[in-house]
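Chain and residue survey
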Amino acid sequence: MKFTLRIWRQKTPRGEGQFTNYEIDGISDDTSFLEMIDILNERLEKEGKEPVAFDSDCREGICGACGLYINGTPHGPLPATTTCQLFMRHFEDGQTITVEPWRAAAFPVVKDLIVDRSAFDRIIQAGGYIAAPTGVAHDANSLPVAREVADLAFDAAACIGCGACVAACKNSSAALFVGAKLTHLAVLPQGMPNRHNRVLRMVRQMDAEGFGHCSNEGECEVACPKVIKQENISRMNREYFRAKLMTFFGGWTD
Amino acid sequence: MEKKGYLYTIFPLSTVGRKLTMALTGLLLVGFLVMHLAGNLLMFLGDETYNAYSHFLIKHPLIIIAEIGLILLFLFHIVDAVILRITERESRPKDYDTKKSLGKRSLSSYTMIYSGVIILGFLIFHIVTMKFGPYYQAQNSEIEMRDLYRLVVEWFSKPWYAIIYIVSMFFLGLHLIHAFQSSLRTLGISHRKYLHFLTAVSYLLAIVLAIGFAALPIYFWLFYN
Amino acid sequence: MKLDAHIPDGPIEDKWQRHKFEMKLVSPNNKRRFDIIVVGTGLAGASAAASLAELGYNVKVFCLQDSPRRAHSIAAQGGINAAKNYKNDGDSPRRLFYDTVKGGDYRSREANVFRLAEVSVNIIDQAVAQGVPFNREYGGLLDNRSFGGAQVSRTFYARGQTGQQLLLGAYQAMCRQIYLGTVTCYAHHEMLDLVMVNGEAKGIVTRNLRTGELETYAGHAVVLCTGGYANAFYLSTNGQGSNVTANWRCYKRGAAFANPCYTQIHPTCIPVSGDHQSKLTLMSESLRNDGRIWVPKKKGDERSPRDIPEEERDYYLERQYPAFGNLVPRDVASRASKKMCDAGYGVGASKRAVYLDFAEALERLGERNVTEKYGNLFEMYERITDDDPYKIPMRIYPAPHYTMGGLWVDYNLMSNIPGLFVLGEANFSDHGANRLGASALMQGLADGYFIIPYTIGNYLADRLSEKLSPTASEYVQSKQGVAERIAKLLSIGGSRTSQDFHRELGNILWTHCGMARNRTGLEEALDKIPALREEFWKNLKVAGTGEELNQSLERAGRVADFLELGELMCLDALEREESCGGHFREEYKTETDEAERNDEKFCHVAAWEYLGDSRKPERHVEPLSFENIHLATRNYK
Ligand SMILES: Cc1cc2nc3c(=O)[nH]c(=O)nc-3n(C[C@H](O)[C@H](O)[C@H](O)COP(=O)(O)OP(=O)(O)OC[C@H]3O[C@@H](n4cnc5c(N)ncnc54)[C@H](O)[C@@H]3O)c2cc1C
Ligand code: HEM
Ligand code: HEM
Ligand code: SF4
Ligand code: F3S
Ligand code: FES
């Protein structure tokens, strides 16, 4: 197959970027999107030009490292698919494909298609955990958890931290990412003790990083390769509301 | 949050807190609209009923509190809307070159600020022309009261005036389609089980309010004379 | 070099308890005075960083990825073993110990394995307390499944994403410590050298992958948790970034590299489809619980698998190993597939694949149950191959997956360099010549949560008065060395990319040091690899500069190390004149083509010492003694 790639090139974080066109030919349809860029890169390297920088690691849709904005959609046209799991058979021969990095104030471009997503780490650091010191845990089965609850927690915990939700949202909101982590930890009995200060701190950090608010548009849910549901955002709001009330009237501290 | 400019310092709230305020004020405004519509529909019952009703309202001792409340609702809702709009801009300084809808957003959801501004414009126009418009004394009544019925009918018989109303009501409906379901989500009310139901209610409410309000200018402009 | 494993005395059940009591302690207020460097944020690294910081040490943690949450542990699918005996099917730490030693073909250290089995139960408790959402039964209790090579149900799992969930648990525990200021995290920093002061590990040199800046960090101890080196084969189930560089730098600083030839080839992976391919995708071993493996009885049968009637299929694992059937250990299953394909029974376009068929399971369990158990794997398979496993059997073939070999460590997980600890897949300790499914996650977390927190104190207790001087000449020199090497890589200006070299190296290793090895092949590889390496240093092409984000440079540095490691793997394979676990020498096999160990001559660990670039490394041995388990031939029939 043959494609025209229109790729965003930007040398440094503060530098100016622009699109550069590359023609690429002889791609078999079982080549993944990233492998196609690998092929392009090897060619560029041989020509003594700088290869296109992009992030990836596991290449099986679980680490969340990859993430390209392909022809106007995060992770490309297929639902529930990361960029690394997207194969060229889903494109048309001869097509022009525009490739951009995630764009958000909280995700500054590092180089070409790589953005800095450390804001997500800082949100988790602010409160996205259950405090369980090593070595003092009770027997795992001493705390049964209804399967429905465990499933709900799991669905939310499946988030891979790729940032596609932010990329898709008109407000660059991280609400889906934060909502997913909050849901994972808030529905489990283990997560109860930290419940209130967890949401307050995570939301505070989310704002400090410069993510926008959520207008409940729902584009993030469609963009999310793990199909994290929009309901998680509602749960974040609920948790937040409750925590505000509890800290205001109930004597909890954050 | 500091970095988000002046408005933030006078009204500091997290994005989530701000959305909660928007949703609460928005929902209360929806409540006002429902009442206002119900009252306005009394016009179909004739001038006496309507004038009596509005007289009752205007002269009610608590009306001043209600009005202040209403102003506050609008104020909070609008200030928040503007601040959120600023954050929205700041959170993506450089936009995409090629961008597609993924299918979940709606015309209503991404035009909220525009429909909102139109509603605001309408509102000012509406209050200036109605509340602070010409004062007619009601003719056939024992006590002294304002003939609002006449005022409304006179205004609506002017086609340009009626058209401004009808068009504005379209945007009100547009705002409300997303507004109602969105506010419920914001308040934490959403579950796969009844989500479709809430969406349906949202559409229904938007349509009923928009058509309900628009019915008056349409009727008085086209059919009354 | 002296290899003393420091195994405590006493009966095996008491060794760890006793050792824990006998080890020296560091008092809480003194812990603050120690800086510990942890390299790697996989299960081993993240759990170690979190636990050490909780104890009060100052921890600096490093990883390659842009976030510590993306370490390759995230990709583990199937599950984690623990001898909880929740199923009441007769499991116990002792049985897990037994299974692991046997599974490793009697090439692991009894005491280490016993401890692993012993602490395995605590891991599950710890993970659940952190909120790891393991699968549960309707009663709300934890669910288990059985995994290859075991006859009890002791594998805990979180759908097909067990590694992800466990890693997120450990990552979040570490994040909590970052928030508290006890851990400082350096993402996108690659360790490129170990700094030695007076013969002890006292720091590292890193390159900031975003800016290209070289930095040195000092610590009273260095804990290496950098994962495995299966990427030496170029195509493997590992992530793009997985590498041997950190380990190799330590090897070159004097750490012994143990059993480099013990590599695990996983039987159920999606087969290679072409040269463009950058990785091979694993299909979890759990699929073998319900899927049946077969090839057509007729050679070169071109019919679609659905048209081949039952009696013309050869369910060769069930036929050859009636007791374990499709659940034989990985090495056995992989070799059997290779044998069938070598003999011409392979299927698919390349003829290097066998069928993994779910037709029977779909009938027995119904589509709903199959979806519930394997839905995400089926989806992944379909996404990659465009074939629907509900309708047509999967095609699978073995692929490099895990490396049992690694840096040599003693019972305390310390290498022969004092102060250098090695955890997780990076060390060699617990799996012998073959790792059982669901045991790597267990080992990584056991090392990080439950072993290093004790053993590191024992080392540090004597070094209370030690002051670090990060500006000392040793640090400066190490950094200088790294800078020179980078400059050299950049200055070659040849015409081949590092990927190209890597591909060729991978080919050599896969052909000669893969699932089956023999003297001629290994000797050939030992000729080819040095030649390739020589060409690499003459004809490499790297774009860009060292003072910026430069992925070509990163890759080139890693390939350079693989080119050295590859040679050592072949050397080790050549000198181990027996077949055991994943190391199958065609010269040493039984009449039925099973691996034949030579316990008299090779019941030991081979640990290689680096003696300089121009000299052959020296092979040291640590004898293995089996006091609790009798050496026997593995039998899965
Ligand atoms: C696809 C797949 C499926 C698997 N499934 C299972 C399973 O079901 N059950 C099971 O028990 N095991 C499984 N395994 C094996 C298991 O996942 C790994 O052995 C284990 O996770 C390794 O953990 P680790 O912490 O040692 O290393 P890793 O998780 O590989 O982490 C290595 C860390 O070191 C860092 N690093 C590496 N080099 C450097 C350097 N030079 N400088 C700085 N940082 C560096 C990396 O950034 C990373 O953070 C699977 C493995 C794969 C590949
Ligand atoms: C066609 C429909 C409408 C008619 C006939 C109508 C009529 C009126 C009249 C007669 C008044 C004056 C009452 C007074 O003097 O106290 C009034 C006030 C007002 N109307 Fe409307 N209205 C309509 C639609 C709307 C809509 C759509 C909105 C909101 C978006 C709105 C908001 C208001 C407000 C805020 C006031 C001032 C209330 C007060 O001061 O107490 N109206 N309306
Ligand atoms: C009668 C008038 C109005 C009603 C009933 C109303 C109602 C609502 C409601 C219920 C919401 C949903 C809040 C949420 O998502 O939680 C909303 C959102 C919004 N409103 Fe209004 N509104 C009115 C007027 C206005 C005006 C005058 C403006 C602006 C100038 C405005 C701007 C907005 C905007 C921008 C949003 C979307 C906020 C977001 O991004 O999520 N609205 N409105
Ligand atoms: S919620 Fe979905 S889109 Fe957002 S980071 Fe997580 S996995 Fe990616
Ligand atoms: S797209 Fe954005 S507006 Fe909310 S629902 Fe998703 S974060
Ligand atoms: S590379 Fe890991 S999710 Fe795509």
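Please refer to the structure higher up on the page.
Residues numbered from 1 in each chain as written. Chains lettered and ligands numbered in written order. Predicted model: local features only at pLDDT ≥ 70, side-chain atom pairs only at ≥ 80, totals over all residues. Heavy atoms only, no water.

1. As for the overall build of chain A
What chain A contains, in helices and strands, is eight helices and seven strands. Referenced to the eigenvectors of the C-alpha coordinate spread, the extents of chain A come out at roughly 65 × 40 × 35 Å. Across the 254 residues that make up chain A, the buried fraction comes to 67%. Long-range contacts, defined as pairs at least 24 residues apart, comprise 67% of the intrachain contacts of chain A with a sequence gap of at least 6. Here chain A has roughly 8,100 Å² of accessible surface; of this, 53% comes from carbon and sulfur atoms. Taken together, the 27 basic and 32 acidic charged side chains of chain A have centroids lying 6 Å from each other. (Helix = DSSP H or I, 4+ residues; strand = E, 2+ residues; numbered from the N terminus. Buried < 20%, exposed > 50% of the residue type's maximum accessible area, 1.4 Å probe, protein only. Contact = heavy atoms within 4.5 Å. Areas by Shrake-Rupley, 256 points an atom, 1.4 Å probe, with all protein chains shown as cover. Lys, Arg positive; Asp, Glu negative; His and termini not counted. Charge placed at Lys NZ, Arg CZ, Asp CG, Glu CD.)

2. Comments concerning the coordination of the iron atom of ligand 2
Residues and elements named next belong to chain B. Listed as protein donors to the iron atom of ligand 2 are H36 (NE2) and H126 (NE2); their distances from the metal cover 1.9 to 2.1 Å. Around the iron atom of ligand 2, the six donor atoms are arranged such that angles at the metal cover 87 to 180°; this shape is classified as octahedral. Taken together, the positions of H36 in helix α2 (residues 15-41) and H126 in helix α6 (residues 112-129) put the pair 90 residues apart, joining distant regions of the chain. Relative accessible area serves as the criterion here: at 28%, H36 is assigned to the partly exposed category. Under the relative-accessibility criterion, H126 is labelled buried at 17%. (Donors = N, O, S within 2.8 Å, 3.2 Å for Na, K, Ca; no water. Tetrahedral: all angles 85-135°; square planar, octahedral: opposite > 155°, others 65-115°.)

3. What about the sheet that holds strand β10 (residues 257-258) of chain C?
Hydrogen bonds between backbone atoms are what pair the strands of a sheet, whose relative direction is either parallel or antiparallel. Residue and element names in this part refer to chain C. On the basis of which strands lie adjacent, the open sheet formed by four strands has the order β16-β10-β18-β19 and antiparallel pairing. Lying at the two open borders of the sheet, with one neighbouring strand each, are β16 (406-407) and β19 (618-623). Two strands pair when backbone bridges link them, and strand β18 (residues 604-609) and β19 are joined in this way by six bridges, in the antiparallel orientation. Within β19, the residue paired with V605 across the bridge is E622. Where helix α15 (residues 551-575) meets the sheet, it contacts β10, β18 and β19, and its direction lies at approximately 145° from that of β18. (Pairing = 2+ DSSP bridges. Axes fitted to C-alpha atoms, helices over the stretch in contact; angles between N-to-C directions.)

4. Details of the interface of chain B and chain A
Taken residue by residue, the interface counts 41 residues in chain B and 49 residues in chain A. Between chain B and chain A, roughly 3,700 Å² of surface is buried when both sides are summed, and carbon and sulfur atoms account for 51% of that area. There are five salt bridges connecting chain B and chain A. Among the salt bridges present, the one from A:E221 reaches B:R192, with a minimum N-O distance of 3.2 Å. Looking at the side of chain B that touches chain A, the elements with two or more residues in it are α2, α4 (63-90), α5 (107-110), α8 (159-186) and α9 (192-223) of chain B. Counting residues per element, the side of chain B that touches chain A draws most heavily on α2(B), which supplies six residues. Classifying every residue of the side of chain B that touches chain A gives 11 nonpolar, 15 polar and 15 charged. (Buried area = accessible area lost by both parts, 1.4 Å probe. Salt bridge = Lys/Arg side-chain N within 4 Å of Asp/Glu carboxyl O. Nonpolar A, V, L, I, M, F, W, Y, C, P; charged D, E, K, R; others polar.)

5. What to know about the interface of chain A and chain C
Contacts between the two partners involve 77 residues from chain A and, on the opposite side, 77 residues from chain C. For the pair chain A and chain C, the summed buried area comes to about 6,500 Å², and 49% of that belongs to carbon and sulfur atoms. Between chain A and chain C we count 11 salt bridges in total. Between C:R159 and A:D151 there is a salt bridge, with its nearest N and O atoms 3.6 Å apart. Linking chain A with chain C are 46 residue pairs in polar contact (both at pLDDT 80 or more). By residue class, the composition of the side of chain A that touches chain C is 36 nonpolar, 16 polar and 25 charged. (Polar contact = N/O pair within 3.5 Å; in protein donor to acceptor, adjacent residues only side chain to side chain.)

6. What to know about the state of the cysteines
Residues and elements named next belong to chain C. Inspection of the entire model under this criterion finds zero disulfides over all chains. Free of any disulfide, C513 has its nearest cysteine sulfur in C570, 4.2 Å distant. Taking the relative accessible area as the measure of exposure, C513 reaches 0% and is therefore buried. (Disulfide = S-S within 2.5 Å.)

7. What about a negative patch on the surface?
A cluster of acidic residues, A:E23, A:D25, A:E92 and A:D93, forms a negative patch at the surface. Mapping A:E23 onto the fold places it in strand β2 (residues 17-24). (Patch = residues over 30% accessible without salt bridge, like charges linked within 9 Å, V, L, I, M, F, W, Y side chains within 5 Å.)

8. Digging into the coordination of the iron atom of ligand 3
Residues and elements named next belong to chain B. For the iron atom of ligand 3, every protein donor is listed as H77 (NE2) and H175 (NE2), and the spread of their distances is 2.0 to 2.1 Å. Because the angles between the six donor atoms bound to the iron atom of ligand 3 fall within 88 to 179°, the donor set is best described as octahedral. Remark: H175 occurs in helix α8 and H77 occurs in helix α4; sequence separation between them is 98 residues. Neither residue differs from the other here; H77 and H175 are each classed as buried.

9. A word on the packing of aromatic side chains
Pairs of aromatic rings are described using the distance from one ring centre to the other and the angle between the two planes. As enumerated under the stated definition, the model contains 50 aromatic pairs over all chains in all. Plain terms: the ring middles of B:F44 and B:F220 are 6.4 Å apart, the flat faces sit at 10° to each other, and that makes the pair stacked. Here B:F44, found in the loop between α2 and α3 (47-59), pairs with B:F220, found in helix α9; they are 176 residues apart in sequence, far enough to count as distant. On the basis of relative accessibility, which here comes to 0%, the residue B:F220 falls in the buried class. Consider the rings of C:W248 and C:Y251, whose centres lie 4.4 Å apart with planes at 35°: the pair is tilted. Placement of the pair is C:W248 and C:Y251 together in helix α7 (residues 245-252), with a separation of three residues, close to one helical turn. The class of C:Y251 is buried, set by a relative accessible area of 2%. Cluster of aromatic residues (ring-pair linked, three or more members): B:F122, B:F125, B:W155, B:F156, B:W160, B:Y161 and B:Y165. The ring centre of A:F19 lies 4.2 Å from the NZ or CZ of A:R6, which sits over that ring. (Phe/Tyr/Trp six-rings, centres within 6.5 Å; stacked < 30°, edge-to-face > 60°. Lys NZ or Arg CZ within 6 Å of the ring centre and 35° of its normal.)

10. Focus on the side chain of C:R249
Tracing the backbone shows C:R249 in helix α7. Residues in contact with C:R249, not counting those within four places in the same chain, are C:L192, C:D193, C:R485 and C:D561.

11. A look at the site of ligand 3
Near ligand 3 there are 25 residues, and of these B:K19, B:H77, B:H175, B:S182 and B:T186 occur at the shortest range. This site is not confined to one chain, since residues near ligand 3 come from chains A and B. Between ligand 3 and A:H213, the relevant distance is 3.0 Å, taken from an oxygen atom to a side-chain nitrogen or oxygen of the residue. In this structure, a nitrogen atom belonging to ligand 3 sits 2.8 Å away from a side-chain N or O atom of B:H77. Going through the elements one at a time, α2, α4, α6 and α8 of chain B are the ones with two or more residues in the shell around ligand 3. For the shell around ligand 3, the leading source of residues is α2(B), giving eight residues. (Near = heavy atom within 4 Å.)

12. Remarks on helix α6 (residues 162-180) of chain C
Residue and element names in this part refer to chain C. An ideal rise of 1.5 Å per residue puts 27 Å on 19 residues; α6 measures up with 27 Å between its terminal C-alpha atoms. Within α6, 17 of the 19 residues are buried, leaving the element largely enclosed by the surrounding structure. Downstream of α6 by a residue or two, G181 has a phi angle that is positive, lying close to 85°. (Expected span 1.5 Å × (residues − 1).)

13. Concerning the site of ligand 1
Residues and elements named next belong to chain C. Around ligand 1, a shell composed of 37 residues is seen, among which Q65, S73, M191, E425 and L441 lie nearest. In the environment of ligand 1, an oxygen atom lies 3.2 Å from a nitrogen or oxygen atom belonging to the backbone of L43. Coverage of ligand 1 by the protein amounts to 97% of the 990 Å² it exposes when considered alone. Mapped onto the shell around ligand 1, the elements with two or more residues apiece are α3 (43-55), β6 (189-197), β15 (394-403) and α11 (440-460). Broken down by element, the residue count for the shell around ligand 1 peaks at three residues, all from β6. Its residues placed into classes, the shell around ligand 1 shows 16 nonpolar, 18 polar and three charged.

14. Some thoughts on unusual backbone geometry
Phi angles above zero are rare outside glycine, and A:R59 is one such case at about 55°. With respect to the secondary-structure elements, A:R59 resides in the loop between α1 (33-46) and β3 (69-70). On the accessibility criterion, A:R59 (6% relative accessible area) is buried. One non-glycine residue, C:R159, adopts positive backbone phi at about 45°. Following the sequence through the fold, C:R159 ends up in the loop between β4 (155-156) and α6.

So, to be careful, I would describe these as geometric facts and stop short of saying anything about function.
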